[in-house]
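# Notes for the structure review
Here are the chains, one letter per residue:
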Amino acid sequence: MTPRVSIVIPAYNEATRLVSSIQKVIAYLNDETPGFELIVVDDGSTDDTAQVAHQLLAQAGNVTGRVIRNQPNRGKGHAVRTGLLAGSAPIAVFSDADLSTPITEMPKLVNHIAAGECDLAFGSRALDRSLIGVHQPWQREQGGRVFNVIVRAATGLPFWDTQCGFKAFRMDVCRPIIEAAVIDRFAFDVELLYVAQRAGLRLREIPVRWDNDRESKISLASETFRMVSQVMSIRNGARRGQYDSAISRVRTIRQTRGVAVSEED
């Protein structure tokens, strides 16, 4: 049976944290209507991430599970794309390994896509901050807001939170964009959203519950410059026509589905 939804979890040296996370995901999915696959992408870990994932997925009940190993480490963006493209369901979701957004929030994204209301739905911490249980340190929250201002100015994206690690994709129209993406590190979310919008896809930012993980590996101070540099490279790549072929393919798919496509899309 073809699964209804593929869930992708990228993981780098997450052997300890994965135990709780995958158990929570499997328990939730087994309580739902059957039709899920869970894909863990081990992004060149140097610990027992892959072995732990294999052991947990072997006891996944009604959930189809598999582990993909990338060697060497390529970055979260590459791991996410690998998992999304490997999925066999018409809708694919990626979630951070720490489950900062609980897996129980998944219907908020998936249902809008399944109902035909949008093509790409993504969680947001900015639209309803009352849903944040554990906040990031003040400096990181402010840094995130500054980064968002830069993203909006550089790309024209109208969204308030491009970086929440909880996104869902209608794969028939999003696949060309995922295949064309090249950002492997932290700005990969921006690239996917930017090209999707350029292709005329329907994007929806949705408020979700979120709790900061104090064990997060991301250092805002050390990564801010690289994140901004990556955003600039996305804009420059678009000017050079780097994404034109993918955008053309998306338009063709939409026309095949009977969706009107304007020249401005």
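Quick caveat, the model's predicted, so the values are computed rather than measured.

Contact geometry for helix α1 (residues 15-31) and helix α2 (residues 49-57): axes closest at 9 Å, N-to-C directions at 25°. By the angle class used here, α1 and α2 are roughly parallel. Both α1 and α2 take part in a crossing whose hand is right-handed. Taking contact as the criterion, the partners of Ala 15, Leu 18, Val 19, Ile 22, Gln 23 and Ile 26 in α1 are, on α2, Thr 49, Val 52, Ala 53, Leu 56 and Leu 57.

Okay, the packing of aromatic side chains next. A full pass over the atoms with the stated rule returns two aromatic pairs. Ring geometry for Phe 94 against Phe 188: centres 5.7 Å apart, planes inclined by 45°, an arrangement best described as tilted. Here the residue Phe 94 occupies a position in strand β4 (residues 91-95), and Phe 188 occupies one in helix α7 (residues 188-198), the gap between them amounting to 94 residues. Summarising the burial analysis for this pair, Phe 94 and Phe 188 share the class buried. Against the face of Phe 36 rests Arg 4, its NZ or CZ located 4.9 Å from the ring centre.

Time to look at the environment of Asn 70. As for its placement among the helices and strands, Asn 70 is situated in strand β3 (residues 64-70). Exposure remark for Asn 70: the relative accessible area of 10% places this residue in the buried category. Sequence-wise, Asn 70 and Ala 97 are 27 residues apart; in three dimensions their C-alpha atoms are separated by 16 Å. If near-sequence neighbours (up to four positions away) are discounted, Asn 70 is found in contact with Val 41, Asp 42, Asp 43, Gly 44, His 78, Ala 79 and Thr 82.

Basis of the calculations
Residues numbered from 1 in each chain as written. Predicted model: local features only at pLDDT ≥ 70, side-chain atom pairs only at ≥ 80, totals over all residues. Heavy atoms only, no water. Axes fitted to C-alpha atoms, helices over the stretch in contact; angles between N-to-C directions. Helix = DSSP H or I, 4+ residues; strand = E, 2+ residues; numbered from the N terminus. Parallel < 35°, antiparallel > 145°, perpendicular 65-115°, else oblique. Left-handed = near helix turned anticlockwise from the far one by under 90°. Contact = heavy atoms within 4.5 Å. Phe/Tyr/Trp six-rings, centres within 6.5 Å; stacked < 30°, edge-to-face > 60°. Buried < 20%, exposed > 50% of the residue type's maximum accessible area, 1.4 Å probe, protein only. Lys NZ or Arg CZ within 6 Å of the ring centre and 35° of its normal.

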